[in-house]
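So you can see what is in the structure, the chains are spelled out below.
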Amino acid sequence: MDALEIEHLCSQLYSGTGNNDQMRTVSQRLEIFVNQTNCLSQCRLLLDRALTPYTQFFGATTLIKYFNSITNQSLVSFKERYELRTYILEYLYKHNSSLAPFVLSELVKLYARLTKNSWFDLNPNINNENYPFQTFTDDLLKFQIDPRHFSVALQILIAILTEMSVPNDEEITARAFTKHRKICISFRDTKLIDIYLFATQYLRDVIINQKKSLGLSIEFNNYPKTIHSIQLQSDYYIVVEKLLSLALACLTYDFLGTGSTIHDVDISDEHQTLQVPLVWHDHVVDGSYYQLFFSYYFLFSNTTLVPLALSCLVQLSSVRRSLLNANERLSVLNLITYGIRLIIEQPGGLLTDEKSLHEFCRLIGRLKSNAQLHELIRIDNYPLFTERLFRFTIDHLLSVHHHRSYHLSPNTLHYILSYWSKICAYLSHISKLSDSDDSSTLHLLDIYVPQIVCYYVQSRLDAIHNDDTFYIELFDNDQTVLQQQLEMISIMSRLDYSKICALLCNYFDDIAQQYQQITNSETIERRFTFLIYVLGCVIGARGITLSSLSISSDDQDLFDGELVVRVLQLMTYIQQKTSDENNQKPINIAITTTTTTDKINSTPYSERLELAILFFFEQFRRQYIGDYGRSNKVYQVLFKHLGIADEEQLLSIFVKKLFTNLQYSIITDKLIQRTVGCFSDLTHGYQSVRKLVKLDPIQYFINNHTQDLFPFLHPTSTINHTHNRNLTISSWSRLRTTFYSAVGRMLMYEFRYDDDDDERIEAFMTPFTNHCTRLVQIFKEFPDFSLLNPGQFAAMTQFNPTLASLDEIQSLIIGISRDLRGLCSSLLSKQAYTSFFDWLYPSYLPLFLKALYVFYDRKDVYNPLLKFFHELTSNRQERLIFDSTKPSAYLLFRETSNLLYIFQTKTILHVTTTISENDGDLFYKSKLKPIITCLRILQTCLMGNYVNFGVFQLYSDPCFDNFLQVFISILTTIKITHLFSYPKLTLAYFSLIETFSIVKIDYLANLSRPLFGYILETINEGFLSSEQIIQNSCCVYLDTLLSYVFRLVKKQLASTNLMNNIHEYENLFRQILINLLNGIIYSECKNIYTVSKPLLGLILLNENKFFTDIKQQLLYGHTQAKQAILSTALDNLMTGIDRTLKESNKENFTQNMTQFRSDVQDALNVNNTELLSIPVSSSSSSSSTISTNVPVINAISNSIPSSSTTAPVEELMTL
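Not measured: the values here are computed from a predicted model.

## A short note on the overall build of the protein chain
A count of helical and extended segments in the protein chain gives 59 helices and zero strands. Taking all 1215 residues of the protein chain together, 57% fall into the buried category. In the protein chain, 77% of the contacts between residues at least 6 apart in sequence involve partners at least 24 apart. Surface exposure of the protein chain reaches about 50,200 Å², of which carbon and sulfur atoms provide 49%.

See the structure below:
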């Protein structure tokens, strides 16, 4: 392509002119540009001769893509990379004023990417240890000639900070992340503090100059008495804005090298801690930095500089506690609280800018996250600070009137409420704040917090009465925002619980009176819904006891009882009202209070109100019902008002309410899902189940769980109710598994599964028997698989039933599969499972195989069907232990093998030929999801230990061979890229490989050469995974394989195919050895005991090369002194080790490996605590300085060519 054509294509692509097909064609033509051998020179020509910014943008992005590829990085020489970096810098210097912003951003990103990728590269023509790419700060000095050039330099620094701190899209493997982490830590120790001081010095000069122009004192501790909004020239304003962004980028840097930044976490933002090294101590203690950032609020109010300055203060207030002593923490707290108080007294700059208000509230929330209450009460003017903060909370954050004048984000309110709730929660951990007698009143929380709770509830009740927008904001997204706020309010309510409960009861009684009098009750229902959520959260906080101020637990239970009484009365009233409006007549009081003979048009009165009631009872159940909830006081109140004397009576009412919801035929997914979830939660715990099965509604249900009683169990319910917008196809059907899993847990307690219970069990299984019998009748027209040979089986035609349509059969199969899967998952005893299997086989199990054959192309059928078989073959708690006189285990395995064989020959073949991997969700659900289930079935069968697989070969039964063939078919179907792109698939595969290696290693070792190489390649990639469970599975496979190989070679029994596999992939074995050693030396290796087992076999397999080429690879890039230490450590690794793979020899090697890692860490001067061994959740940081002389392992991705013609195993055995 010539230059003009590229210009035209770029303009067409990035300007958005053209339809989708044209855009796709243009994109495909331009994508080949990055694969050209002269890509670097061509992109430079594009940048030099570009006529439009689109061409410049294309040239920059193409270079970024080129250097993102690890393969291309190794092909570009040091000279080419350094020249390109110099070229970009000169290009930015000359053209910065004419570049479009999006072009400038990409060029800056390219410069940062080059700097990072070449951070540890040495100039091969100069024999020293200076790293040329680490001198970027010197290269940027010439940009300080004017504001525009200086702005570009600051943008480059920000981009470099971001690049160094956050792994890019190509640094997702463990190997690439290890390199990123070393660069990240090196940059932190050599450049970061200097950049921070550079930014803050310029920011100081700005404040001093502006104060001089206003005639104010230049002392930073003297804030202006009134806020100012200084307007700077546009160029200078951009410079100041980028200086603040640069300071913020320094403070949000990933100091631990964990691969995440402060901005990655939103929900737990208040728990973030700034893990600065010890070298930052003096700058953190220095109060002028805090005063500097506060000054930007008072001088540049109503500008975009204020949120950036407040964000810097947020990070400074989050410095790890171990960095400061008690006096220093108090000094810092005084500085921060003083600035906060002054801002609260002059809030005009906050209320006009949403971002500024949000960052200010984050700053307040961080106070309690990093300081304790006993420290806060020691600050200067604590009573005044608390009073000002209380007024600010009431007047500006909780006032609905102010919400209409400016938008207040729910996240903003979250931070201020979290401050009050956390400061109250601290009282549950202590009895006194200090040694003085009046310390319990020093905090003043008992004065202000109850008022905040009352005002919060009252303001919300008033707002949702008329404000539709506010109501939707509270109850949108499954009430996530509302529940987060109420969790904090509930903690605060325990500070003066008697007052809060009395207030809530008064609110409830007033609304209830209005509810009975007003005909149009929609607005009243809104208020009721909100108030019931409040009551539920308040009861859910029962476990929080603020011992220094609260009333006794028994008295709190009495107040809880008053709340429960009101909700039960409301629930009864709503049910009566619903019954009257729907003209319903109860038919059976045992099951529910509002059951009807015609439920076709029955519907709940108010979905949100029903959800609120369910939420309330779920919170009450967790505190008062079950294995842990015990209280007699609450039932005293319930008996006094409602005659409910004990837990069983209350449970009965609750169960009736759940069954009432399940009887509605027109109901949204959310309500029925929450109802089934509550029913399932009730059946967890021995005490709960023991009481449930005694209840009349449960006993009635066990004998009448039919679709007539519960419409959602109807197999065609999803078809009959498609007019409901909230209903998705088969959404009700998915709940059946959860529902019958809960039922199964009750059956485990109710039935003993002996001869005395046979009739009751038969009666319970009657609905399933009826459905299965109908399916048997339908499939009678379908031939029996056992009578067909493979040729006849493959030639079978499509099934055309006459007794029912295919859609109806599909609904029946999906429903019964999910029902039986849920029931089977709870049958954990041998007797229960045996009874279930005897009912299932031989009468009904074969029909599931026929169903899979018929519906092999419908993912909605074969996915639940495969999951049912996975549950059926799972040997949970050794339940698949049949009598020695029964062949049940073998029959189960045979049917499972036949099912998998059908899946292999029909479904896999169909989806492979008809569904493209580019279809995304369809590709996953149609192909990968069932394959994941099949892998799990294969694993459960192999590890179940209930079948002797040798019996099948003994009697020439092909079931086990078909079983193995399914495994081979899956291997040939899945690409390695897909295998590591889907976590569930990755875990299922490696779990199966681990089990397979334990049970059938001889089969894996003698696979054909491509399949053996496929597994070995996945093992190599698995070792680079960050998941320890995957690494452990790889270790088990490799250790078992090598032990098997060495054992056969010693006995001279190794097959030709096995030895050919070892010879063919000896380079890959050697590469795995290098990766493991690099991981032990440079990465955090928590499972060194497991890794050392296969490592010994790999070393023995490559022993001659280990002390020559492999050692040279590991020593590459280090100084001579470190090379000598590493060489000695590698030599000592095999001291006292025999050339065998006995267990005792492996144990000795593990001890050597532990010592080896310790010696290597000392040699590299790498502090384990700060660099390699710090978990993501660590809250402390070491103060040690880390050496910057840590080389990049360039050779880590290169295979070592073998010059030996002798087989490695045979070579070993001749030593």
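From this point on, the discussion continues.
## Focus on unusual backbone geometry
Peptide bonds are trans in most cases, and residues, glycine excluded, mostly fall at negative phi. The step from Tyr841 to Pro842 runs through a cis peptide bond, and the omega angle for that step is 5°. Its location among the elements puts Pro842 in the loop between helix H40 (830-840) and helix H41 (845-854). You will see that Asn302, though not glycine, has its phi angle at about 65°, which is positive. Tracing the chain through its elements places Asn302 in the loop between helix H13 (287-299) and helix H14 (305-316). The backbone phi angle of Ser956 is positive, close to 55°, even though this residue is not glycine.

## Some thoughts on the packing of helix H21 (residues 410-425) against helix H22 (residues 445-466)
Axes are the key here: two packed helices are described by the angle between their axes and the distance separating the axes. Contact pair H21 / H22: the axes reach a minimum separation of 11 Å and the direction vectors enclose 140°. By the criterion of interaxial angle, the relationship of H21 to H22 is oblique. Both H21 and H22 take part in a crossing whose hand is left-handed. Of the residues in H22, those touching H21 at Leu413, Leu417, Trp420, Ile423 and Cys424 are Leu445, Val449, Ile452, Tyr456 and Arg460.

## Some remarks on the packing of aromatic side chains
Inspection of the entire model under this criterion finds 71 aromatic pairs. Ring geometry for Tyr497 and Phe559: centres 6.3 Å apart, planes at 90°, overall edge-to-face. With Tyr497 in helix H25 (residues 497-517) and Phe559 in helix H27 (residues 553-581), the pair connects residues that are 62 residues apart, well separated along the chain. On the basis of relative accessible area, Tyr497 is assigned to the buried category, the value being 2%. Under the relative-accessibility criterion, Phe559 is labelled partly exposed at 26%. Here the aromatic residues Trp119, Phe136, Phe187, Tyr196, Tyr253, Phe255, Trp280 and Tyr289 are joined through ring pairs into a cluster of three or more.

## Quick look at the pattern of salt bridges
What the rule picks out here adds up to 36 salt bridges. In this structure, the salt-bridge partner of Lys830 is Asp883, at a minimum N-O distance of 3.6 Å. Taken as a pair, Lys830 in helix H40 and Asp883 in the loop between helix H42 (859-872) and helix H43 (888-914) lie far apart in primary sequence, 53 residues in all. The partly exposed category is assigned to Lys830, whose relative accessible area is 33%. Given the relative accessible area of 39%, Asp883 is considered partly exposed. Across the pair Arg879 and Glu871 runs a salt bridge, and its minimum N-O distance is 3.1 Å. Of the two residues, Arg879 and Glu871, both sit in the buried class. Here the salt bridges share partners, and the residues they tie into one network are Arg341, Glu345, Glu387, Arg388 and Arg391.

## Examining the side chain of Thr986
Its place among the elements puts Thr986 in helix H48 (residues 983-999). Ignoring any residue separated from it by four or fewer positions in sequence, one finds Thr986 in contact with Leu979, Phe980 and Ile1030.

## A few points about empty space enclosed by the protein
The final tally for this structure, using the stated rule, is three cavities of 30 Å³ or more. Here the largest cavity is characterised by a volume of approximately 150 Å³. Around the largest cavity sit 15 residues that line it, and Ser317, Arg329, Val332, Leu333 and Asn370 are the ones nearest its centre. Those elements that provide at least two residues to the lining of the largest cavity are helix H15 (326-345) and helix H17 (354-370). Looking at the lining of the largest cavity, the element that brings in the most residues is H15, giving four residues. Taken together, the residues that form the lining of the largest cavity break down as ten nonpolar, two polar and three charged.

## Brief notes about helix H44 (residues 921-943)
Between its first and last C-alpha, H44 extends 31 Å over 23 residues, near the 33 Å set by a 1.5 Å rise per residue. Along H44, the sharpest kink reaches roughly 35°, centred on Leu928 and followed within four residues by the proline Pro930. Taken from the residues just after H44, Asn945 is the one with a positive phi, measuring 60°.

## Observations concerning helix H54 (residues 1088-1101)
For H54, spanning 14 residues, the distance from its first C-alpha to its last is 20 Å, which sits close to the expected 20 Å at 1.5 Å a residue. Remark: the principal bend of H54, roughly 30°, maps to Pro1094. Taking burial as the measure, the 14 residues of H54 include twelve buried ones, the bulk of the element. Along H54, the positions that sit buried rather than exposed are Ile1088, Val1091, Ser1092, Lys1093, Pro1094, Leu1095, Leu1096, Gly1097, Leu1098, Ile1099, Leu1100 and Leu1101.

## Thoughts on the environment of Gln458
Within the element layout of this structure, Gln458 appears in helix H22. Residue Gln458 is classed as partly exposed on the basis of its relative accessible area, which comes to 26%. The sequence separation of Gln458 and Leu503 amounts to 45 residues, and the corresponding C-alpha distance is 9.7 Å. A polar contact of 2.7 Å, which involves the side chain of Gln458, links it to the side chain of Tyr507.

## Quick notes on the side chain of Ser969
Examined against the element boundaries, Ser969 turns out to sit in helix H46 (residues 959-973). Aside from chain neighbours lying at most four places away, what touches Ser969 is Gln904 and Ile908.

## Some details on the confidence of the model for the protein chain
Regions with low pLDDT should not have their predicted coordinates read in detail. Of all residues in the protein chain, 84% have pLDDT values of 70 or greater, and the mean over the chain is 82. In the model, residues 1166-1215 has pLDDT below 50 throughout and makes 123 contacts with residues more than four positions away in sequence or in other chains.

## Things to note about a negative patch on the surface
Negative charge collects at one region of the surface, where Asp755, Asp758, Glu759 and Glu762 lie side by side. A residue is classified by how much of its surface remains accessible, and Glu762, at 58% relative accessible area, is exposed.

## What to know about the packing of helix H7 (residues 101-117) against helix H9 (residues 147-165)
Remark: H7 packs on H9, axes separated minimally by 8 Å, with the N-to-C direction vectors making an angle of 50°. By the angle class used here, H7 and H9 are oblique. The handedness of the crossing between H7 and H9 is right-handed. For the pair formed by H7 and H9, the contact residues are Leu104, Ser105, Val108, Tyr111, Ala112, Arg113, Thr115 and Lys116 on the first element and Val152, Gln155, Ile156, Ala159, Ile160, Glu163 and Met164 on the second. In the contact of H7 with H9, the residues fall into nine nonpolar, three polar and three charged.

## Let's talk about the environment of Arg29
Here Arg29 is to be found in helix H2 (residues 20-31). A residue is classified by how much of its surface remains accessible, and Arg29, at 35% relative accessible area, is partly exposed. Separated by 23 residues in sequence, Arg29 and Ile6 have C-alpha atoms that sit 9.5 Å apart.

## Quick notes on the nonpolar core
One broad rule of soluble globular proteins: the nonpolar side chains tend to lie buried together. Residues Tyr296, Phe836 and Ile1015 are the most contacted members of the largest nonpolar core, which totals 396 residues. The element best represented in this core is helix H51 (residues 1028-1050), accounting for twelve residues.

## Some details on the state of the cysteines
Across all of its chains, the model carries zero disulfides by this definition. Left unpaired, Cys505 is separated from the closest cysteine sulfur, that of Cys501, by 6.3 Å. By relative accessible area, Cys505 is classed as buried at 9%.

## Quick notes on the environment of Val689
When you line up the elements, Val689 lands in helix H32 (residues 686-692). As a C-alpha pair, Val689 and Leu747 span 58 residues in sequence and 9.3 Å in three-dimensional space. Among residues more than four places away in sequence, those in contact with Val689 are Thr683, Arg745, Met746 and Tyr749.

Thresholds, definitions, all that
- Residues numbered from 1 in each chain as written.
- Predicted model: local features only at pLDDT ≥ 70, side-chain atom pairs only at ≥ 80, totals over all residues.
- Heavy atoms only, no water.
- Helix = DSSP H or I, 4+ residues; strand = E, 2+ residues; numbered from the N terminus.
- Buried < 20%, exposed > 50% of the residue type's maximum accessible area, 1.4 Å probe, protein only.
- Contact = heavy atoms within 4.5 Å.
- Areas by Shrake-Rupley, 256 points an atom, 1.4 Å probe, with all protein chains shown as cover.
- Axes fitted to C-alpha atoms, helices over the stretch in contact; angles between N-to-C directions.
- Parallel < 35°, antiparallel > 145°, perpendicular 65-115°, else oblique.
- Left-handed = near helix turned anticlockwise from the far one by under 90°.
- Phe/Tyr/Trp six-rings, centres within 6.5 Å; stacked < 30°, edge-to-face > 60°.
- Salt bridge = Lys/Arg side-chain N within 4 Å of Asp/Glu carboxyl O.
- 1 Å grid on protein atoms, 1.4 Å probe; cavity = no way out; pocket = protein on both sides within 12 Å on 5 of 7 lines; lining within 4 Å.
- Points joined across faces, edges and corners; volume = space filled by probe spheres on them.
- Nonpolar A, V, L, I, M, F, W, Y, C, P; charged D, E, K, R; others polar.
- Expected span 1.5 Å × (residues − 1).
- Bend = angle between axes of the 7 residues up to and from the residue.
- Polar contact = N/O pair within 3.5 Å; in protein donor to acceptor, adjacent residues only side chain to side chain.
- pLDDT = per-residue confidence, 0-100.
- Patch = residues over 30% accessible without salt bridge, like charges linked within 9 Å, V, L, I, M, F, W, Y side chains within 5 Å.
- Lys, Arg positive; Asp, Glu negative; His and termini not counted.
- Charge placed at Lys NZ, Arg CZ, Asp CG, Glu CD.
- Core = buried A, V, L, I, M, F, W, Y, C linked by side-chain atoms within 4.5 Å.
- Disulfide = S-S within 2.5 Å.

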